[in-house]
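Here's the letter readout for the chains.
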Amino acid sequence: MSITVETGAGLPGADSYASIIEADARCASLGATAWAALGEEGKEIALRKATLFMATYRTRWAGRRVYQQQALDWPRYNVLVDGFTVPSTIVPADVVNACIDLAVRAGSGEDLLPDLDTGSNAIKKDKTGPLETEYFQNTTDARERFVAVDALLAPYFGSAGGGNSVRVVRA
């Protein structure tokens, strides 16, 4: 089953922000050789997984979706980047590239949306005389963080990192 790439038309059946051709070109230019070894089906699956992960940014995007029935969060209205309005008929290149970067991780076997192990709150040390209890540190972060992807997408987030934020400019 081939992927349906969001072009900026607000497609109700879109399941990826990037095409295999775009992903192949970006990966080749960045020397991501493991991507080339994936078959077409593996690349499609990785792009879908990356796009699913990008839904975690839904509350952070600036602006609002253009169409009620569009499958993905882009295209969007009312998005300003560097003082310029992002056209509501496109998916910005940075969004496409972030999808590809995440797809490379997914294609290498990395789980982009793992279930979290919140730990068992196991006691490391218990002292009875002036009462002291120390727990093992929970080593699982509350969510996966992809710093490079977040940095690429930061200009497209609302002013305080939330889509419900309003940017205030003093005249």
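Note that the structure is predicted; figures quoted are calculated from it, not measured.

Chemist: Describe unusual backbone geometry, listing the residues and the values that go with them.
Modeler: In the segment running from W74 into P75, the intervening peptide bond is cis, with an omega of 15°. The topology assignment puts P75 in the loop between β1 (64-65) and β2 (76-77). At N78, a residue that is not glycine, the phi angle is positive and equals roughly 60°. Among the secondary structure elements, N78 is positioned in the loop between β2 and β3 (80-81). Given the relative accessible area of 60%, N78 is considered exposed. Located in the positive-phi region is D82, a residue other than glycine, with phi close to 55°. By the secondary structure assignment, D82 is in the loop between β3 and β4 (84-85).

Chemist: Give a detailed account of the packing of aromatic side chains, specifying residues and quantitative values.
Modeler: All told, the structure shown has 7 aromatic pairs when counted by the stated rule. Arranged with centres 5.3 Å apart and planes meeting at 35°, the rings of Y57 and F157 form a pair that is tilted. With Y57 in the loop between α3 (40-54) and β1 and F157 in the segment after α5 (147-153), this pair connects stretches of sequence that are 100 residues apart. On the accessibility criterion, Y57 (3% relative accessible area) is buried. According to the relative accessible area criterion, F157 is buried, its value standing at 5%. Measuring from centroid to centroid gives 5.5 Å for W61 and F157, while their planes differ by 50°, and the two rings are tilted. Residue W61 is located in the loop between α3 and β1, and its partner F157 is located in the segment after α5; the two are separated by 96 residues in the primary sequence. The two residues W61 and F157 agree in class, both being buried.

Chemist: Describe in detail the packing of helix α1 (residues 20-30) against α3, supporting the description with residues and values.
Modeler: Look at α1 against α3: their axes get within 10 Å of each other, and the N-to-C directions meet at 95°. Judged on the interaxial angle alone, α3 and α1 are roughly perpendicular. Contact residues: α1 offers I20, A23 and D24, while α3 offers E40, K43, E44 and L47. Looking at the contact of α1 with α3 residue by residue, the class counts come to 3 nonpolar, no polar and 4 charged.

Chemist: How would you explain the nonpolar core if you had to name every residue and give the values?
Modeler: Counting residues in each nonpolar core, the largest one holds 36 residues, and the members touching the most others are L47, M54, W61, W74 and L153. Counting only elements with at least two residues in this core, the list comes to α1, α3, α4 (93-107) and α5. No other element matches α4, which puts 8 residues into this core. Not counting residues within four places of it along the chain, the set of residues in contact with M54 comprises Y17, W61, D73, V95, A98, C99, L102 and L153.

Reading the values: the criteria
Residues numbered from 1 in each chain as written. Predicted model: local features only at pLDDT ≥ 70, side-chain atom pairs only at ≥ 80, totals over all residues. Heavy atoms only, no water. Helix = DSSP H or I, 4+ residues; strand = E, 2+ residues; numbered from the N terminus. Buried < 20%, exposed > 50% of the residue type's maximum accessible area, 1.4 Å probe, protein only. Phe/Tyr/Trp six-rings, centres within 6.5 Å; stacked < 30°, edge-to-face > 60°. Axes fitted to C-alpha atoms, helices over the stretch in contact; angles between N-to-C directions. Parallel < 35°, antiparallel > 145°, perpendicular 65-115°, else oblique. Contact = heavy atoms within 4.5 Å. Nonpolar A, V, L, I, M, F, W, Y, C, P; charged D, E, K, R; others polar. Core = buried A, V, L, I, M, F, W, Y, C linked by side-chain atoms within 4.5 Å.

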